[in-house]
Amino acid sequence: MANQVEQQLTEDLMPFLQKERYATIATVDFETNGPNVNAISWVYAPDHKTLYFAVDNRSRIVQNIKHNPNVVLTTIANGTTYSISGKAHIKAEKLEDTPLKLGLIAIDVEAVRDVMFYGSKISADISYEKTYDQNAAEKLDRQVMDAMKKA
């Protein structure tokens, strides 16, 4: 997909956005008007034009989106890096059926770009591990992903 701009999530990208994964979300800081980037993991694409993600509803991410809806979600899949830009809004102040105060953010996808530098590919998938109680982490992850799928 290099050098192409797609108007929606592609078929080969969709499976990667159906489960928890490492991504970054870039917002416009409401105080400085500068970039603000955070790592997130609860990401879900209900269709080709929409992305959901869940974050603490007291997060700076939420405040930033309320002031400026322009966002870029970046993730690694298929051996490359994707930049997904669009307009975000608060879909739910409190994501139901989860024990935490999580906000559900929806992104209306406007552009999907392969932003990997020329002549290269990602040779290993990004992995991470939860550093707190493994059983509690797995339970919470299931609750959040299930709630996003129902939203």
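Residues numbered from 1 in each chain as written. Predicted model: local features only at pLDDT ≥ 70, side-chain atom pairs only at ≥ 80, totals over all residues. Heavy atoms only, no water.

*Asks:* How should the overall build of the chain be read in this particular structure?
*Replies:* On a plain count of helices and strands, the chain comes out with 2 helices and 8 strands. Along the chain direction, N to C, the helices and strands of the chain fall in the order β-β-β-β-β-α-β-β-β-α. The globule rule puts the C-alpha radius of gyration for 151 residues at 15 Å, and the 15 Å found for the chain is close to it. Seen along its three principal axes, the alpha-carbon backbone of the chain occupies a region of about 45 × 35 × 25 Å. The 151 residues of the chain split such that 43% are buried. The long-range share in the chain, meaning contacts at least 24 apart out of those at least 6 apart in sequence, stands at 67%. As displayed, the chain has an accessible area near 8,300 Å², and 49% of this comes from carbon and sulfur atoms. Charge-centre separation for the chain: the mean point of 17 positive side chains lies 3 Å from the mean point of 20 negative side chains. (Helix = DSSP H or I, 4+ residues; strand = E, 2+ residues; numbered from the N terminus. Rg over C-alpha atoms; globule rule 2.2 N^0.38 Å. Buried < 20%, exposed > 50% of the residue type's maximum accessible area, 1.4 Å probe, protein only. Contact = heavy atoms within 4.5 Å. Areas by Shrake-Rupley, 256 points an atom, 1.4 Å probe, with all protein chains shown as cover. Lys, Arg positive; Asp, Glu negative; His and termini not counted. Charge placed at Lys NZ, Arg CZ, Asp CG, Glu CD.)

*Asks:* Could you clarify how one ought to interpret helix 2 (residues 134-150) in this entry?
*Replies:* In this model, helix 2 (17 residues) spans 24 Å end to end at C-alpha, consistent with the 24 Å of a helix rising 1.5 Å per residue. The complete set of buried residues in helix 2 reads A137, L140, D141, V144, M145, A147 and M148. Along the axis of helix 2, the buried residues cluster in a sector spanning 160 degrees; they form a single face. Pointing more than 90 degrees away from the buried face of helix 2 are the exposed residues N135, R142 and K150. Summarising the contacts, the buried residues of helix 2 are in contact with strand 4 (43-47), strand 5 (50-56) and strand 8 (102-114). N-capping of helix 2 is provided by D133, with a side-chain oxygen placed 3.0 Å from the backbone N of N135. (Expected span 1.5 Å × (residues − 1). Arc of directions from axis to C-beta. Polar contact = N/O pair within 3.5 Å; in protein donor to acceptor, adjacent residues only side chain to side chain.)

*Asks:* Please clarify how the environment of I84 should be interpreted in this entry.
*Replies:* Along the chain, I84 turns up in strand 7 (residues 80-92). Assessed through its relative accessible area of 0%, I84 is described here as buried. It is 8.3 Å that separates the C-alpha atoms of I84 and V71, two residues lying 13 residues apart in sequence. Setting aside residues up to four positions removed in sequence, I84 forms contacts with L9, L13, L17, L51, V71, V72, L73, V109, A111 and V112.

*Asks:* Would you mind going over the pairing of strand 7 with me for this structure?
*Replies:* Regular strands have side chains that alternate between both faces of the sheet. Judged from the 8 bridges that link them, strand 6 (residues 70-77) and strand 7 form a sheet pairing that is antiparallel. Across the sheet, the residue bridging to L73 is I84, located in strand 7. Hairpin connection between strand 6 and strand 7: a loop of 2 residues separates the two successive antiparallel strands, and N78 in this loop has a positive phi of roughly 55 degrees. Pairing between strand 7 and strand 8: 10 bridges, direction antiparallel. From the neighbouring strand, I84 faces strand 8, where its bridge partner is V112. (Pairing = 2+ DSSP bridges.)

*Asks:* Would you mind going over the environment of A54 with me for this structure?
*Replies:* Mapped onto the elements of the fold, A54 is located in strand 5. In this structure, the C-alpha to C-alpha distance between A54 and I105, residues 51 residues apart in sequence, is 6.1 Å. Not counting chain neighbours up to four residues away, the residues in contact with A54 comprise W42, L95, L102, G103, V144 and M148.

*Asks:* Would you take a moment to explain the UniProt feature "domain: Pyridoxamine 5'-phosphate oxidase N-terminal" (unreviewed entry) in the chain for this structure?
*Replies:* Per the UniProt entry, the sites bearing "domain: Pyridoxamine 5'-phosphate oxidase N-terminal" (unreviewed entry) are residues 9-96 in this numbering. Measuring from the first to the last C-alpha atom of residues 9-96 gives 26 Å, for a span that is 9% helix and 51% strand. (UniProt positions renumbered as here; feature names shortened; annotations may be inferred.)

*Asks:* Would you mind going over the pattern of salt bridges with me for this structure?
*Replies:* Opposite charge on two side chains permits them to pair, given that their charged atoms come into close proximity. Applying the stated criterion across every chain yields a total of 8 salt bridges. Its salt-bridge partner being D29, residue R60 comes within 2.6 Å of it at the nearest N-O pair. Residue R60 is located in helix 1 (residues 60-67), and its partner D29 is located in the loop between strand 2 (23-28) and strand 3 (35-40); the two are separated by 31 residues in the primary sequence. Owing to a relative accessible area of 30%, R60 belongs among the partly exposed residues under this scheme. Salt bridges linked by common partners bring E20, K130 and D141 together as one network. (Salt bridge = Lys/Arg side-chain N within 4 Å of Asp/Glu carboxyl O.)

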